[in-house]
Amino acid sequence: MLAKKMIRAAFAASAALALSVAVQPAQAEDAAAFYKGKTITFITPGSPGGGYDTYMREIIPHLEKKTGATVVPVNEPGGGHLLAVNKTYSAKADGLTILLNDGEASLLGVVLDVPGARYDLSKMNWIGRINAEKRLILFTKSSPYKNLKDAIAGKTVLKFGTTGKTDATGLATTMASHALGLPTSIVTGYKGSREFVRAAIQGEVGAISLSESSALRFSKGGRLIPAGTLARERSALFPKTPTVFEQLKISKENAWFLDFHEGFAEIGRSLLTGPGVPADRVAYLRKVFKEILTDKDFDAHMTKKKRPITYADATALDKAAKAVLGDLSDARKKQVKEIILNKFYQ
Amino acid sequence: MKKLEIILPALIIVFTLFVVGAGAFYYNYSMAVMRFPYFVGAVLIGLSAWRLVQAIQGKRLPGEPEELQEPTTESMAEFTRTALWLVAILPAVWLLGYLVGIPLYLLAYFRAHGESWLMSVSLSLGALAVTYFVFIVFLRVNLPVMPLGFQ
Amino acid sequence: MEYFTLLSEGFLRVMRPDIILIMLAAIPFGLIFGIVPGLSGLTALAILLPFIYGMEALPGLALLLASHAVIYTGGSVSAIILGIPGSPPNAATVVDGYPMAQQGRGGQAMGAALMASGLGGVFGVLVLVAILPVLEPIVLSFGSPETFFLALMGVTFIAIVGEGPMQKGLIAGALGIFLALFGYQPTTSVPRFHFGSDYLLDGFRIIPLALGLFAVPELIALSAKGKSVAQTGSISGVTFGQVMEGCAAVFKHWWLFIKSSTIGAVVGIVPGVGGETSPFVAYAAAKQSSRTASTYGQGNIEGVIAPESSNNAKEGGALVPTLAFGIPGSTGMALLLGGFLILGLEPGPEFLKEHMDLGVGLAMVVAIANVMAAIVMILLAKYIARLTYLRGHILAPLLLAIIVLGTYASKNNPMDVVYVFVFGALGYLMKELNYSRAPLILGFVLTNAIESYLHISLRSFGPTFFMRPISLIIIGLLVLGLVWPSISRRLRRGRGA
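A. Seen up close, the overall build of chain A. Each helix and strand counted, chain A has 15 helices and 10 strands in total. Split into buried and exposed, the 346 residues of chain A put 49% on the buried side. Long-range pairs, those at least 24 residues apart, make up 78% of the contacts in chain A with a sequence separation of at least 6.

Dropping the structure here:
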């Protein structure tokens, strides 16, 4: 009985060994061959019709053509954009599940220990970045201040509108307010960015923070006044709006919070696979996406749709993620948490 | 019926107490989170408790039919059988996948309820066609297609 | 004068063969999505969106708008003949439409619902076109306090919506509000009562809730008796004459129609309240002021006309903020806005200045789609009603299969299917014990707006946030609504004496 089992085990082991030896050479071609005729699940936390969804669906035909696989789009907007990450994290490690990630939400989930975040970003594989947007602070017409300098020196409370405490609008507002010393009080709970843009136009709040493309759309006609860009460099869409660093003297300690925030933004809309995917397949996906995202025609096409591409490779993303999560001491994490969750909600 | 009249408000009270209690003592939510649950929970429990007392007294409310039928053992058995047949679609699609599970469930249901083979098979095949062509091919719904273990 | 030139130009832009063809394809699509329980307008838009990549602006948007505008027209038919709302807002139509069908007046109910839907849709568009030139100030006068008070007004209708004893209706409404408290709390982002479940992070969903409450009890009844819907009630064949009779009833109740459509259009314009609310509010407002209020819930045709006219009118209203600011007036409009962006258009005040003709063209699309859909359905009503002759043993499992597939398709989430049965158990108990189910849905859809906008109003404007003209008007209406029944009773008694 036992002998039989052992023989069987030995047989299986040798078969596996033979197989793995056979697989090793010519890896890139094998990875390419692997994807042919397979079905790739392409997950995004964005809802149909939104920015993430548009990027995903514009990329799919190119991805299908290059890999020869069928690509199924899946919108998984639940859990504050974190369920999509969970799903990718726990998917089979065969490289057939790709995530178009909300970088800010997934990093914030880790920093704030949000319930429902069940993934370890450091174990996942970055594939490449589709685009990243800088954020701006915009004042509304009813704002008590006309520029950042007045606001910092002012006594009147500056009301900021946000969509939630633990999303990108909340993060940008709290980090900027803390670093610049703005007299901020946050009004939160608006349903989606469009609702709080409505509130800003109506003058319910005095300021909001928006991504550069949204800022461009909603500041037309002088409804909202761009006050400063939350980045080291100016936004290409707002070449005349100076950064906060140009406008103000910012101490090294305070600059840390602005850089921390910019690190989040740097990850942007990026692509990931789950942990444990064979290295050759990850390399193959990186190559394929690089080809798609750096293609001139595709870039021009997306720019025309006002969905620009700002590609970055996996190494750059890995570095950006480490910059946000790697250097975060426990004390710092506690401080950041306090600022994001409590400081401006009195 | 009288029993059910008591059970429903009682269930609502227990459910509400459990949920609000969990928020207050287990999750320790702040007041900002619990303000609405406390208020709505109190109203809900108050209304249900009032109804519970009435139901125990056997009071009928204005606007209700004169006599509510008391369920017989026979009708209870029939209800249980019906409900179980309906719920059976869940394990069917879970174990067999939507594409196989739904037609097989229908086939079993029709046959068990005295429909002819011709009728049962043709309707089940029709359901298979609709599931495949409408939902999977045309609407591109990402249905779990294969039986458990083949996914 | 310029204004009228614009209108006729907009009309001419739509009268192109390719656009008409697209609409002819989109309307049956929308109607089927409306009729099939579980599939709703959102799913229809989500599925159609990928098709418009690369299309020209007007045809692409016509495809989306035409299919979305007629969803509730289709959904009213399932609500009436099966007692199962085709999409969640049609739940208000079940309350009186289904009893009508069981009394053998299904033809009239369908006729009234379809005519009210079609004309309501046109009415919504008229409102939109009339205020196009002054869109901005109108939308700007509705801020967070107004949104809060409108939602609060909706809550006061909980006692009125639906049939059966009021006390049980109140319990149902409170339970609906309570169930809506699960999931992310809007102002603190704390996932309330998630009990470790990913599904509950986002709270309960409206589609499984509405289907569980309304569909499962009907399925149990159908399946238990094994008889057809027609046999359990006293339906004789629906004739075309009956349907036309129902259509005529809308004109007989023209004031009710105008009132309900206006409610729909206003709720549509205010983005935060949620379009699902409008049919319930219209129903309650109709019942409140009706002379035959006591027969509501037992098959009163007014109870069909009111929700259905407001249901379709709100689409015109919801287009207002979408076009004016790029701020969608309903969840469906949010997807539509996605469509605009896909086509390279950016709605907003600048957009309207440059593309006013496109705005008018879209309004025309909605109007034409509504009329065409109503005609198609009126002609088909007689045949669709034959579903009710199918034996329960055949209809029940087939409906169940469609509900399971449709629910799954709405969010690609198998848990939704499970919750259909969980809420089904609740719905069955409620139906057996005469608890009205419509107030539960109403409470459920209003809660989020109330909680967020009370908080926002207090933080932005302080405790005197209601001291704004439109807020005060809404408060006035709210109070009037509460005391009106007793005033009218006293007036009538005075007249009788």
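B. Up close: the overall build of chain C. Across its full length, chain C holds 23 helices and 2 strands. Rg of the C-alpha trace for chain C: 22 Å, near the compact-globule value of 23 Å for 497 residues, within the 12% margin. The proportion of buried residues among the 497 residues of chain C is 67%. At a minimum sequence separation of 6, the contacts of chain C that also span at least 24 residues come to 80%.

C. Quick look at the interface of chain B and chain C. Counting residues at the interface gives 48 residues for chain B and 41 residues for chain C. Contributing elements (two or more residues each) for the side of chain B that touches chain C: helix 1 (2-26), helix 2 (31-57), helix 3 (73-87), helix 4 (89-112) and helix 5 (117-138) of chain B. Among the elements that make up the side of chain B that touches chain C, the one with the highest residue count is helix 2 of chain B (11 residues). In terms of residue class, the side of chain B that touches chain C is built from 34 nonpolar, 9 polar and 5 charged.

D. Highlighting unusual backbone geometry. In the Ramachandran plot, His81 of chain A falls in the positive-phi region, its phi being about 75° despite a non-glycine side chain. Within the element layout of this structure, His81 of chain A appears in the loop between strand 2 (70-75) and helix 4 (83-89). With a phi close to 50°, Asn28 of chain B is a non-glycine residue in the positive phi region. Relative to the assigned elements, Asn28 of chain B resides in the loop between helix 1 and helix 2.

E. Quick look at the pairing of strand 2 of chain A. Pairing of strand 1 (residues 39-44) of chain A with strand 2 of chain A, which is carried by 6 bridges, proceeds in the parallel orientation. Residue pairing for strand 2 of chain A: Thr39 of chain A is matched across the bridge by Thr70 of chain A.

F. Region of interest: the sheet that holds strand 6 (residues 158-162) of chain A. All names here are of chain A. Pairing is mixed across the open sheet formed by 5 strands, whose spatial order is 7-6-8-5-9. A strand with exactly one partner marks an edge of an open sheet, and here the two such strands are strand 7 (184-188) and strand 9 (224-229). Neighbour-to-neighbour, the strand axes of this sheet turn through a mean angle of 35°, independent of strand direction. Where strand 5 (residues 135-140) meets strand 8 (residues 207-211), 5 bridges bridge the pair, whose relative direction is antiparallel. Paired with Arg135 across the bridge in strand 8 is Ser211.

G. Fine view of helix 20 (residues 392-411) of chain C. Residues and elements named next belong to chain C. With 20 residues, helix 20 ought to run about 28 Å at 1.5 Å a step, and its terminal C-alpha atoms sit 29 Å apart, in line with that. Extensive coverage of helix 20 is indicated by the burial of 19 of its 20 residues. Count one or two residues on from helix 20 and you reach Asn412, which has phi positive near 55°.

H. Structural view of the pairing of strand 1 of chain A. Residue and element names in this part refer to chain A. With helix 3 (residues 51-67) bridging strand 1 and its parallel neighbour strand 2, the resulting β-α-β unit is right-handed. Sheet topology note: the strand 1/strand 3 (residues 97-102) ladder contains 3 bridges and is parallel. When the bridges of strand 3 are listed, Thr41 appears paired with Thr97.

I. A look at the environment of Ile473 of chain C. If you trace the backbone, Ile473 of chain C turns up in helix 23 (residues 469-496). For the pair Ile473 of chain C and Val365 of chain C, spaced 108 residues apart in sequence, the C-alpha separation works out to 33 Å.

J. Local environment of the nonpolar core. All names here are of chain C. In this structure, Ala66, Ala112, Val365 and Ala369 are the most contacted members of the largest nonpolar core, which totals 295 residues. Per element, the largest residue contribution to this core is 20 residues, and it comes from helix 6 (residues 91-131). Leaving out residues up to four positions away in the same chain, Ala66 has contacts with Met23, Ala26, Ile27, Gly30, Val365 and Ala369.

K. Summary view of the sheet that holds strand 10 (residues 269-273) of chain A. All names here are of chain A. One open sheet holds the 5 strands; their spatial order is 2-1-3-10-4, and the pairing between them is mixed. Each end of this open sheet is capped by a strand with a single partner; those strands are strand 2 and strand 4 (125-131). Pairwise comparison of adjacent strand axes, ignoring direction, gives a mean angle of 25° for this sheet. Where strand 3 lies against strand 10, 4 bridges are found, and the strand directions are antiparallel.

L. The arrangement of the packing of helix 5 of chain B against helix 20 of chain C in detail. Their axes nearest at 12 Å, the elements helix 5 of chain B and helix 20 of chain C cross at an angle of 15°. When the axis of helix 5 of chain B is compared with that of helix 20 of chain C, the two are roughly parallel. Between helix 5 of chain B and helix 20 of chain C lies a crossing whose hand is right-handed. Note on element contacts: helix 20 of chain C touches helix 5 of chain B through Ile394, Ala401, Leu405 and Ala409 of chain C, opposite Leu123, Ala127, Thr131 and Phe135 of chain B. When the residues that make up the contact of helix 5 of chain B with helix 20 of chain C are grouped by side-chain class, the tally is 7 nonpolar, 1 polar and no charged.

Here is what the cut-offs are and how they apply
Residues numbered from 1 in each chain as written. Chains lettered and ligands numbered in written order. Predicted model: local features only at pLDDT ≥ 70, side-chain atom pairs only at ≥ 80, totals over all residues. Helix = DSSP H or I, 4+ residues; strand = E, 2+ residues; numbered from the N terminus. Buried ≥ 20, exposed ≤ 12 C-beta atoms within 10 Å, placed from the backbone. Contact = placed C-beta atoms within 7 Å. Rg over C-alpha atoms; globule rule 2.2 N^0.38 Å. Nonpolar A, V, L, I, M, F, W, Y, C, P; charged D, E, K, R; others polar. Pairing = 2+ DSSP bridges. Axes fitted to C-alpha atoms, helices over the stretch in contact; angles between N-to-C directions. Expected span 1.5 Å × (residues − 1). Right-handed = clockwise from strand over helix to strand, strands pointing away. Core = buried A, V, L, I, M, F, W, Y, C linked by C-beta atoms within 7 Å. Parallel < 35°, antiparallel > 145°, perpendicular 65-115°, else oblique. Left-handed = near helix turned anticlockwise from the far one by under 90°.

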